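# Architecture at a glance
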Amino acid sequence: MPYQKLQPESLMMSYGHKSGMARGAVKAPIYQTSTFAFETAEEGKDFFELAYSLREPLNGETPGMIYSRLDNPNLEILEKRLSLWDDAESCAVFASGMAAISTTVFEFLKPGDVLLYSSPLYGGTVHFITEVLTRFGIQVVPFYYDQQPEAILRQLKANHQAHRVAMIYLETPANPTNALIDIEAMSALARELSDKGRQVLTVVDNTYMGPLWQHPLQLGADLVLYSATKYIGGHSDVVAGAALGNKELIGRIKVLRTFFGSMASPYDAWLLTRSLETLKLRMEQQARNAQRVARFLQVHPMVDRVHYLGLLTEADGEQWRIYKRQCSAPGAMLAFDIKGGEKEAFAFLNNLKLVKLAVSLGSTESLAEHPATMTHAGISEEVLAEMGISEKLVRLSVGVENVRDLIADIEFALEKAAEVLEMEAVG
Ligand SMILES: *Cc1c(COP(=O)(O)O)cnc(C)c1O
């Protein structure tokens, strides 16, 4: 074959594993081992020197395996394959998305630092930022999608916080409303806030769109994070996470991962390499289905408004412009405001048959949930209103099922919700 750079989907079946390494096995075995034997004591010494960065590697020298909290062949293969989708230099995989987030944030923040973060964020991340980080003397400052970088900078300066910002943490599109934040503009703000001795990092949780439809590292971000539980795993049978970026930053994160013990297990890493073989197929089918579902909802009399990137038009102004620059597809996550309120939303959810009533997202099966009382429960009414989350809002993660079956299921549940609305009007 003439040389050409192979696309990630062509490499997901074997990259990082040679059948010669394992008695001809086409698929990598599961290295279900906690520890690794050294050939000699000298080799053990070399491996530790490299693992703890006590010296630079000699020409072509690669660190060997020591202990599965530091590294394991299944983690190594998964990290190589995940790096391809975002064209990242390096990757670290974790026991969960929250493990990836907390390990990354702790590595780069210290008491006295300011963390600037976009709102809304995933509920677990909000709790970690506002309840845990603040206990360690870190100041946390939220901003909303419609605030311009210049206005954010003015506010930071007015509060004497600009010179202490250490990290800008973003989630875009935001869960569950699909509000977009301009990654390029926020990365530029991070560079403006940096000075000689202090690099302000831009970190993006790309779980909603990645690793297929949005590539934050190419837009200027320093680190990209995933809950691999979602699209990357894709079958609702594994909890895991990942961080990607340049070698230096990921190297630092891996050292803290070693001491937190927040790495993925060999078996979970193996499951994820299996999932990656069908990542593109799954995500493309999910996005096709989501577009059909969104168009169906948009004209349904029981639906007030659909929040879906595929329905943005030029009339949406800045959001449309960011979408066009930043995303290659509208994704498979949508939310909609049902007519009525919590009663109607619950009637809808209780009458779904094919779509499961569950949190999580990005999996082969479609899932529905009620953000105000489920994923975003515990957030004050005031903040929920600012995020655009009302009791009318229902979130859908669209799977790979036959789209006509999905729409029939949703249509039936909407009819049941309409009956509830009518009874309320009569009663
Ligand atoms: C699920 C999720 C997380 C947390 O990941 P876990 O794997 O559940 O720990 C973080 N961010 C986003 C956007 C998520 O959807």
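Look up: the structure comes first, before these words.
The notes below deal with the structure included here. Treat the numbers as computed from the prediction; the structure is a model and nothing was measured.

Tallying secondary structure elements over the protein chain gives 14 helices and 12 strands in all. The C-alpha radius of gyration of the protein chain comes to 23 Å, within 12% of the 22 Å expected for a compact globule of 427 residues. Across its three principal directions, the C-alpha atoms of the protein chain cover 85 × 60 × 40 Å. Within the protein chain, the fraction of its 427 residues that count as buried is 53%. Taking all contacts inside the protein chain whose residues are at least 6 apart in sequence as the whole, residues at least 24 apart take part in 74%. Looking at the protein chain as shown, the accessible area adds up to about 19,700 Å², and 54% of this sits on carbon and sulfur atoms. Computed over 40 positive and 52 negative side-chain charges, the separation of the two mean positions in the protein chain equals 3 Å.

Bringing the packing of aromatic side chains into the picture now. On inspection of all chains with the given rule, the structure shows 10 aromatic pairs. An angle of 80 degrees between the planes, with centres 5.6 Å apart, marks the rings of Phe106 and Phe128 as edge-to-face. Here Phe106 is found in helix H4 (residues 97-108), whereas its partner Phe128 is found in helix H5 (residues 123-132), with 22 residues between them in sequence. With a relative accessible area of 7%, Phe128 lands in the buried category. Summarising the aromatic geometry, the rings of Tyr267 and Trp270 are spaced 6.2 Å apart at their centres and angled 15 degrees between planes, so their arrangement reads as stacked. Here the residue Tyr267 and the residue Trp270 both occupy positions in helix H9 (residues 266-276), the gap between them amounting to three residues, near one helical turn. Classification of Tyr267 as partly exposed rests on a relative accessible area of 42%. Here Trp270 falls in the partly exposed class, since its relative accessible area comes to 25%. The rings of Phe38, Phe47, Phe48, Tyr52 and Phe259 are connected pair by pair, giving a single aromatic cluster.

Near the ligand, the surroundings consist of 14 residues, among which Met98, Asp205, Ser227, Thr229 and Lys230 are the closest. Separating an oxygen atom of the ligand from a backbone N or O atom of Met98 is a distance of 2.8 Å. At 2.7 Å from a nitrogen atom of the ligand is found a side-chain nitrogen or oxygen belonging to Asp205. Residues belonging to the shell around the ligand are distributed by class as follows: six nonpolar, five polar and three charged.

Within the largest apolar cluster, 71 residues are counted, with the highest numbers of intra-cluster contacts made by Leu297, Leu334, Phe336, Phe348 and Leu414. For this core, the element with the highest residue contribution is helix H10 (residues 279-298), accounting for eight residues.

What follows covers the sheet that holds strand E8 (residues 303-307). A sheet is described by the order of its strands in space; here five strands give the open sequence E8-E9-E12-E11-E10, paired in mixed fashion. Both outer strands of the open sheet, E8 and strand E10 (356-357), are each paired with one neighbouring strand and no more. Pairing geometry for strand E9 (residues 333-338) and strand E12 (residues 393-397), over five bridges, is antiparallel. Paired with Leu334 across the two strands is Leu396, which belongs to E12. Across the face of the sheet, helix H12 (residues 342-350) comes into contact with E9, E10, strand E11 (367-369) and E12 while running at roughly 130 degrees to E9.

Summarising the element assignment, Ser366 is placed in the loop between E10 and E11. Looking at Ser366, its side chain comes within polar contact range of the main-chain nitrogen of Gly399, at 2.8 Å. Non-local contacts of Ser366, meaning those with residues more than four positions away in its chain, are made with Val355, Lys356, Ser397, Val398, Gly399, Glu401 and Leu406.

Here we take up the pattern of salt bridges. Side chains that carry opposite charge are capable of pairing whenever their charged atoms lie near each other. Following the criterion strictly, the structure yields 19 salt bridges and no others. Put simply, Glu424 and Lys343 hold a salt bridge, and the shortest N to O gap is 3.3 Å. Highlighted residues: Glu424 in helix H14 (residues 403-426) and Lys343 in helix H12, separated in sequence by 81 residues. Three or more residues joined by partner-sharing salt bridges are found here, namely Asp46, Glu49, Arg55 and Glu61.

Thresholds applied
- Residues numbered from 1 in each chain as written.
- Predicted model: local features only at pLDDT ≥ 70, side-chain atom pairs only at ≥ 80, totals over all residues.
- Heavy atoms only, no water.
- Helix = DSSP H or I, 4+ residues; strand = E, 2+ residues; numbered from the N terminus.
- Rg over C-alpha atoms; globule rule 2.2 N^0.38 Å.
- Buried < 20%, exposed > 50% of the residue type's maximum accessible area, 1.4 Å probe, protein only.
- Contact = heavy atoms within 4.5 Å.
- Areas by Shrake-Rupley, 256 points an atom, 1.4 Å probe, with all protein chains shown as cover.
- Lys, Arg positive; Asp, Glu negative; His and termini not counted.
- Charge placed at Lys NZ, Arg CZ, Asp CG, Glu CD.
- Phe/Tyr/Trp six-rings, centres within 6.5 Å; stacked < 30°, edge-to-face > 60°.
- Near = heavy atom within 4 Å.
- Polar contact = N/O pair within 3.5 Å; in protein donor to acceptor, adjacent residues only side chain to side chain.
- Nonpolar A, V, L, I, M, F, W, Y, C, P; charged D, E, K, R; others polar.
- Core = buried A, V, L, I, M, F, W, Y, C linked by side-chain atoms within 4.5 Å.
- Pairing = 2+ DSSP bridges.
- Axes fitted to C-alpha atoms, helices over the stretch in contact; angles between N-to-C directions.
- Salt bridge = Lys/Arg side-chain N within 4 Å of Asp/Glu carboxyl O.

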